[in-house]
Amino acid sequence: MASEPLLLGVRHHGPGSARAVRRALAAFQPEVVLIEGPPEADALVPFAGDEDMRAPVALLAYPADNPDPKLRASFWPLAEFSPEWQAIRWAVAREVPVRFIDMPASVRLANPPASTDSTVPEAEEAGAVDAAVRIDPIGALAEAAGYDDPERWWEDVVEHRFADPVRPAASAPATAAVEGVAEGVSENVAGAVVADASGVMGGVGLFAREADIDEEELRAAAAPFEAIAEAMGVVRASAPRPPEAEAVDEERREAYMRIGLRAALKEFERVAVVCGAWHVPALTGPLPSASADAAVVRGLPKIKVSMTWVPWTHARLASWQGYGAGVRSPGWYHHLFTSVDAHVIERWLVRAAGVLRKDGVPVSSAHVIEATRLAQALATMRGRPLAGLAEVTDAARAVLCDGDELRLALINRRLVVGDRLGRVPEQTPGVPIAKDVAGSQRRLRLPPRVERRELRLDLRQAFDLDRSRLLHRLRLLGVEWGKVLAAAKGKGTFREEWEIAWQPEFAVDLVEAGAYGTTVLEAATARVAEQAASAATLADVTALVERCLLADLPDALPGVLDALDERMALDADVAHLMDALPALARTLRYGDVRGTDLSALRDVTFGTITRICVGLPAAVGGLDDTAAAVMRDRIDGVQAALALVDDAEAHERWQGVLAGLSTRDDLHGLLTGRMNRLLLDAGAVDVDEIGARMALVLTVGVPVARTAAWIEGFLAGDGLLLVHDERLLALVDAWLTGIPGDAFLEVLPLLRRTFSGYPAPQRRMIGERAAHIGTGRRGADEDEDVDPARGALLLPVAARLLGRELHV
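Residues numbered from 1 in each chain as written. Predicted model: local features only at pLDDT ≥ 70, side-chain atom pairs only at ≥ 80, totals over all residues. Heavy atoms only, no water.

Please give an account of the packing of aromatic side chains that cites residues and values.
With the rule as written, the count across this model stands at seven aromatic pairs. Ring centres of F81 and Y333 lie 6.0 Å apart, and the angle between their planes is 80°; on these two criteria the pair is classed as edge-to-face. Here F81 is found in the loop between β4 (74–78) and α2 (83–93), whereas its partner Y333 is found in helix α14 (residues 330–338), with 252 residues between them in sequence. Ring geometry for W502 versus F506: centroids 5.0 Å apart, planes at 80°, classification edge-to-face. The class of F506 is buried, set by a relative accessible area of 6%. An aromatic cluster of three or more residues is present, and its members are W481, W502 and F506. In this arrangement the basic side chain of R677 is found over the ring face of F714, its NZ or CZ atom lying 5.9 Å from the centre. (Phe/Tyr/Trp six-rings, centres within 6.5 Å; stacked < 30°, edge-to-face > 60°. Helix = DSSP H or I, 4+ residues; strand = E, 2+ residues; numbered from the N terminus. Buried < 20%, exposed > 50% of the residue type's maximum accessible area, 1.4 Å probe, protein only. Lys NZ or Arg CZ within 6 Å of the ring centre and 35° of its normal.)

Structure representation (structure tokens):
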């Protein structure tokens, strides 16, 4: 006869549970270890023992054979302090088989679970309590034991069992929790169970054992798990039935667990089960019959899935996403689990001081000593067996941070949560494109790191150019590993500045990208071709041309250019052509640096310029204020784009169009003013001619609103023109001083918008020039009342600084 299994109900991602699991497994010496997880992962268990495997990691299940983005992949994250991970490592090291017994991933992905609302619905008080118990049973136990934080309750009852996991101090809170939940939720249901709780806490009914097993050690190791199982039994018996969809999902999962347990008991004598504490009562007698469980799971839809190990991060564990939810303080729990001695608090505060010192905050050893004493004193005052995260946080805030919440936030981000990133062996099975990315990362010395860092690339260097291509290709595939910094603009087309940070969910993005090809180059090429065919607007295709060039996809570029030609032939809107031109011009400029043959793109670009010049006169007439402002921005965009195109004929054609439109009276003043300014900046019109045109606009007979719009279009952007040209300044000044009072209030917002865009030094200089108009002086900075005698005193010093001899 097979013995009863050892049921180890744990808290997912709990360091105390992880230590207790290892102790229980060592005492029980099971022949097989069953773990709550997808059975498809059984073949991946040996990789967990590889020396290159480092937690946190996650099991990734995704639809195989042309994955559908609508079928989302599933993760099962595991940290170093996760009980399941420690059970796997313990078993692999001793060549003990490991089996996963939860619902298969093939069924899970074909039947996604119903979403669970994290809020308690409005109901009567008793109903609200029942709902809270159902949503968060651990929180209900903690509240019944007098704790306002479930994390604290678990730390005191389970996590802080360093020397003796069954010391009496831990039994009292657990017993109180059982009694409190039974009394507060449903006395008539759980009363009988509570009556026997103290007996269960004190003694453990164990199973048939081999002679070489230390029964006393096994009894001590199993006691915490039986106490938690008893508490979960009371909670489950008292909790109301959840919504139908959630109840069905849970029923199916536990039926699969019992099926896997029965199969293991037929083969092995000593079976250990590691699962969430909530499921333990469902695995103890009396159980449904095997035929009943088989009926529950019979006929469920399935899909073909693949599984692999992927790196994970502590930050993702803290986000409450994925298997077993998450924990708010993974960095703290990792510290608790990996501490080699009892000096947990001291070591933690030393690390916190190191974080602050690295950020320039002066923290001494005396600070650490005082913070340690304060944390221990707080634990004593609060009746806790050991200082927990709340105590060390309060101590760090008061002593190390001097009450500064920003410093404390730095400790929380770098220590309490942390940025630890896992690692998986190279031989781990996975999608081919993921292996291609990993190989490129090694070749280009771009390790996937969670922390954000800047990357400066010189595209004249082949190594940096390859890095740029990889980042751009991944962005085309939806893997936003890096983003180009806006501050990098204006530093030359041969330079790029990136901010890169690797995230674990990119593994799913690579799985989806694998449907397009086995390498990054192949997949990006296919993806661009698909996007070009489905692009809705001309601007979409134009942007795709630029991205295609940046990613260096020569096989995709002809198809994208064909799509661009087609869209341009069908799109007669000049505004769309003007929106498309800047990206085309940038693409030509980048092509010069990257050595790409862009003769076909050059023809498309010049054809676009010609069409804009032909269609612009008809597109600028009859515009209101809003449409005129949009058109002005488009004209500025074309002007900037032409500055990137080295073609004198295109420049001459564009300036001819602007010259013809700049004197039309039927256009909006904002546009004519802007066109005149562009012509002046380009040298196509001299200052005298501009002065004459401005004088015509600023006459009394011209409506004030039109004049203000003309001035706004002409002066927008840079005030140096008024600083250096007193004639234009005098014209503007005379017009402003002559505006009637009622009209001035109408144009004031336009004037403020124009002049407020100037830098403060330019505004100050314009004011000084305006104050001296007509006086023969040009302001305080260029005062003509100079004292020659005083100036002569400075000449010898200036000559010596310049290394010249002074000739008088």
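Picking up after the structure, the text goes on.
Give a detailed account of the sheet that holds β4, specifying residues and quantitative values.
If you trace the three strands from one edge of the open sheet to the other, you get β4-β3-β7, paired in antiparallel fashion. Of all the strands in the sheet, just β4 and β7 (305–311) have a single pairing partner and so form its edges. Pairwise comparison of adjacent strand axes, ignoring direction, gives a mean angle of 20° for this sheet. Pairing analysis gives seven bridges linking strand β3 (residues 57–63) to β7, with the strands arranged antiparallel. Pairing of A61 across the sheet is with M307, part of β7. Docked against the sheet, helix α21 (residues 506–513) engages β3, β4 and β7, running at close to 25° with respect to β3. (Pairing = 2+ DSSP bridges. Axes fitted to C-alpha atoms, helices over the stretch in contact; angles between N-to-C directions. Contact = heavy atoms within 4.5 Å.)

Any chance you could break down the pairing of strand β10 (residues 495–500) for me, citing the residues and the numbers?
Bridge count between strand β8 (residues 453–458) and β10: six bridges; the pairing is antiparallel. When the bridges of β10 are listed, L455 appears paired with W498. Judged from the three bridges that link them, strand β9 (residues 482–484) and β10 form a sheet pairing that is antiparallel. Across the sheet, the residue bridging to V484 is W498, located in β10.

Describe the packing of helix α23 (residues 538–550) against helix α24 (residues 557–570), listing the residues and the values that go with them.
Each packed pair of helices is defined by two parameters, the angle between the axes and the distance between the axes. Direction vectors running N to C along α23 and α24 enclose 155°, while the axes themselves pass 9 Å from each other. Our classification of the angle between α23 and α24 gives roughly antiparallel. Regarding α23 and α24, the two cross each other, and that crossing is left-handed. Each of L538, V541, T542, L544, V545 and C548 in α23 lies in contact with α24, whose residues at this interface are L557, V560, L561, A563, L564, R567 and M568. Each residue belonging to the contact of α23 with α24 can be placed in one class, and the counts come to 11 nonpolar, one polar and one charged. (Parallel < 35°, antiparallel > 145°, perpendicular 65-115°, else oblique. Left-handed = near helix turned anticlockwise from the far one by under 90°. Nonpolar A, V, L, I, M, F, W, Y, C, P; charged D, E, K, R; others polar.)

Describe α2, listing the residues and the values that go with them.
With respect to burial, α2 is a largely interior element, eight of its 11 residues being buried. Within α2 the residues assigned to the buried category are P83, E84, W85, Q86, A87, I88, W90 and A91. Two residues or fewer after α2 comes E95, characterised by a positive phi angle close to 55°.

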